[in-house]
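Examining the three-dimensional arrangement
So the chains spell out like this:
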Amino acid sequence: MERDGQLELYDRLAALLKEAHAVVRSPQVPEGARVALTRKLLVITAASKHDLAAAERRLERLMSDIDEGRFPPGGGDVHADGTR
């Protein structure tokens, strides 16, 4: 029974991640914030491998911030090592 709950949570999180990626790609998201949001989504995806429930909570908070127009600061070129 517990396994069924995990599968449902996995399916729900996968659907939310798919929706989140579509939102981040939308024109309503400022270009500078898009890179930071994409990185946050990648971190949440990686975290989901260890704790599905925590990843879902983080994703819901991130989507709430996006829905309310709160975007992370962006701008400038960011190199692979995180420096500008």
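Residue numbers restart at each chain and count upward from 1, following the sequence in its written direction. Note on the predicted model: pLDDT of at least 70 is required for a residue's local features to be given, and 80 or more for side-chain atom pairs to be given and counted; whole-chain, interface and lining totals, by contrast, use all residues. The side-chain figures draw on all heavy atoms in the structure; neither hydrogens nor water molecules are used.

1. Observations regarding the overall build of the protein
Starting at the N terminus, helices and strands are each numbered in turn, a helix being any DSSP run of H or I of at least four residues and a strand any DSSP run of E of at least two. Along its length, the protein carries 3 helices and 0 strands. What you see in the protein, going N to C, is helices and strands ordered as α-α-α. Across the 84 residues of the protein, 26% fall into the buried class. Here a residue-residue contact requires only that any non-hydrogen atoms of the pair lie within 4.5 Å. For the protein, restricting intrachain contacts to residue pairs at least 6 apart in sequence, the fraction spanning at least 24 positions comes to 59%. To sort residues, take the accessible area from a 1.4 Å probe on protein chains only and compare it with the maximum for the residue type: under 20% means buried, over 50% means exposed, and anything in between is partly exposed.

2. What about the pattern of salt bridges?
The working definition used for a salt bridge is a side-chain nitrogen of Lys or Arg within 4 Å of a carboxyl oxygen of Asp or Glu. For the coordinates displayed, the defined rule picks out 4 salt bridges. With its nearest N and O atoms 2.6 Å apart, the salt bridge here joins Arg12 to Glu56. Of this pair, Arg12 sits in helix α1 (residues 2–25) while Glu56 sits in helix α3 (residues 52–67), and the two are 44 residues apart along the sequence. Look at Glu56 and you get buried, because its relative accessible area is 10%. Three or more residues joined by partner-sharing salt bridges are found here, namely Asp65, Glu68 and Arg70.

3. What about α3?
The end-to-end C-alpha separation of α3 is 22 Å, in line with the 22 Å expected for 16 residues at 1.5 Å each. By the burial criterion, the buried members of α3 are Leu52, Ala54, Ala55, Glu56, Leu59, Leu62, Met63 and Ile66. Backbone geometry just downstream of α3 places Gly69 in the positive-phi region, at approximately 80°. One less than the number of residues in a helix, times 1.5 Å, gives the span that helix is expected to have.

4. With respect to the nonpolar core
Within the largest apolar cluster, 16 residues are counted, with the highest numbers of intra-cluster contacts made by Leu37, Leu41 and Leu59. Listing elements by their share of this core, those giving two or more residues are α1, α2 (31–47) and α3. Ranked by the residues each element gives to this core, the list is headed by α3, at 6 residues. Discounting residues that sit within four places of it in the chain, Leu59 has contacts with Leu13, Leu16, Leu17, Ala20, Leu41 and Ile44. Nine residue types can take part in a nonpolar core, namely buried Ala, Val, Leu, Ile, Met, Phe, Trp, Tyr and Cys, and a core is a set of them joined through side-chain atoms within 4.5 Å.

5. Regarding α2
Taking 1.5 Å of rise per residue, 17 residues should cover 24 Å, and α2 covers 25 Å from first to last C-alpha, within 8% of that figure. Considered for burial, the residues of α2 that qualify are Ala33, Arg34, Leu37, Leu41 and Ile44. Seen from one end, α2 has its buried residues packed into an arc of 105°, which puts them on one side. Starting at the helix axis, one direction is taken to each C-beta atom, and the arc is that of these directions.

6. What to know about the confidence of the model for the protein
Looking at the protein as a whole, the pLDDT averages 84, with 85% of positions reaching at least 70. Per-element mean pLDDT across the protein ranges from 88 in α1 up to 93 in α3. Per-residue confidence from the predictor is reported as pLDDT, which spans 0 to 100. Counted against residues more than four places away or in other chains, residues 76–84, with its pLDDT under 50, gives 9 contacts.

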